Amino acid sequence: MSRVGASGWVLPVAAGLLLTAGCGTETATGSEPPPQVSASPATEPTPTPPPAICPASGAAVTVGPVDAALGHRAVVLTLRNCGSGTLTINGYPEVAVLDAARKKVNLTEQHGSSYMARDPGPQRIRLAKGEKLLSVVAWSNTVTGGDTTNGNYLAVAPAKGEPTAIWPVFTDLGTTGKVELTAWCAKLPG
């Protein structure tokens with residue numbers, strides 16, 4: 001007989017450990033299945049983009065999905081000539097960030113390059129029927145202190161003073177309060 005077995009207390013402890021090895025598991029005791037827990041809370045319906053129509057100006061603007069990198073965000077805007085004539089585009093799109101009630105968020109709009117895109121600079125471009133131009137709206141969600149600013153929509157126009165299209169885009173501006181825009185161009189600089 002070994003000393004461990006002779007002490008008398010090792011065997012009951014080992015038996016107790018074997019019996020409790022299943023702790024933390026549940027056994028069905030009734031005919032009802034356990035209640036199901038939802039993994040995600042209920043969310044509001046996702047707003048839909050505007051209908052695909054050609055505006056009277058012939059300049060239809062669409063907004064791509066948000067692309068993220070190291071705390072920076074960007075969306076690519078596409079301007080397509082859906083009209084019958086040639087459009088002349090020169091410069092930058094007009095962009096406003098709107099809150100959930102579609103009210104304009106107070107922020108700074110800066111023209112130029114950002115972490116997410118290089119600005120080709122404004123240039124006069126003639127756009128034939130069916131041709132497209134691109135621009136990038138970029139922002140950072142940096143938080144340095146104070147209240148953060150978020151938007152739920154982007155109001156986008158081909159140029160200042162032209163009609164806007166409102167697109168559902170969540171913009172988490174952090175505390176920067178700024179968006180950066182590149183000029184319209186046929187191909188984004190690499």
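Conventions adopted
- All residue numbers here refer to positions counted from 1 along the written sequence of the relevant chain.
- In view of the model being predicted, local features appear only for residues whose pLDDT reaches at least 70, and side-chain atom pairs are presented and counted only at 80 or more, with totals across whole chains, interfaces and linings using the full set of residues.
- The side-chain quantities take in all heavy atoms of the structure and omit both hydrogens and water.
- When DSSP finds two or more bridges between a pair of strands, those strands are recorded as paired.
- Each helix is a run of DSSP H or I of at least 4 residues and each strand a run of E of at least 2, with the numbering of both proceeding from the N terminus.
- Axis angles are defined between N-to-C directions and span 0 to 180 degrees, where every axis is a line fitted to C-alpha atoms and, for a helix, only to the segment in contact.
- Just to be clear on terms, a salt bridge is a Lys or Arg side-chain nitrogen sitting within 4 Å of an Asp or Glu carboxyl oxygen.
- Remark: exposure states derive from per-residue accessible area (1.4 Å probe, protein chains only) relative to the maximum for the residue type, with buried under 20%, exposed over 50%, and partly exposed in between.
- Each residue carries a pLDDT score, the predictor's own confidence in it, on a scale running from 0 to 100.

### Focus: the sheet that holds strand 10 (residues 165–172)
Alright, step 1. Strand order in the open sheet formed by three strands is 5-9-10, with antiparallel pairing between adjacent strands. Because the sheet does not close on itself, it has two edges, and the strands there are strand 5 (94–98) and strand 10. Direction aside, the axes of adjacent strands within the sheet are offset by 30° on average.
Alright, step 2. Relative to strand 9 (residues 150–157), strand 5 is paired through five bridges, and the arrangement is antiparallel.

### Some points on the pattern of salt bridges
If the charged atoms of two oppositely charged side chains come close together, the side chains can form a pair.
Alright, step 1. Inspection of the entire model under this criterion finds two salt bridges.
Alright, step 2. Among the ionic pairs, Arg73 bridges to Asp172, the shortest N-O distance being 3.2 Å. Placement of the pair is Arg73 in strand 3 (residues 72–81) and Asp172 in strand 10, with a sequence separation of 99 residues.
Alright, step 3. Among the residues examined, Arg73 registers a relative accessible area of 16% and is labelled buried.
Alright, step 4. In this structure Asp172 comes out as buried when scored by relative accessible area, which is 14%.
Alright, step 5. In this structure, Lys178 and Glu180 form a salt bridge, with 3.8 Å as the shortest nitrogen-oxygen distance.
Alright, step 6. The class for Glu180 is buried, based on a relative accessible area of 17%.

### Brief notes about the confidence of the model for the chain
Alright, step 1. On average, the chain scores 81 in pLDDT, and the residues at 70 or more come to 74%.
Alright, step 2. Predicted confidence in the chain is weakest over helix 2 (residues 10–20), with a mean pLDDT of 39, and strongest over strand 8 (residues 132–140), with 98.

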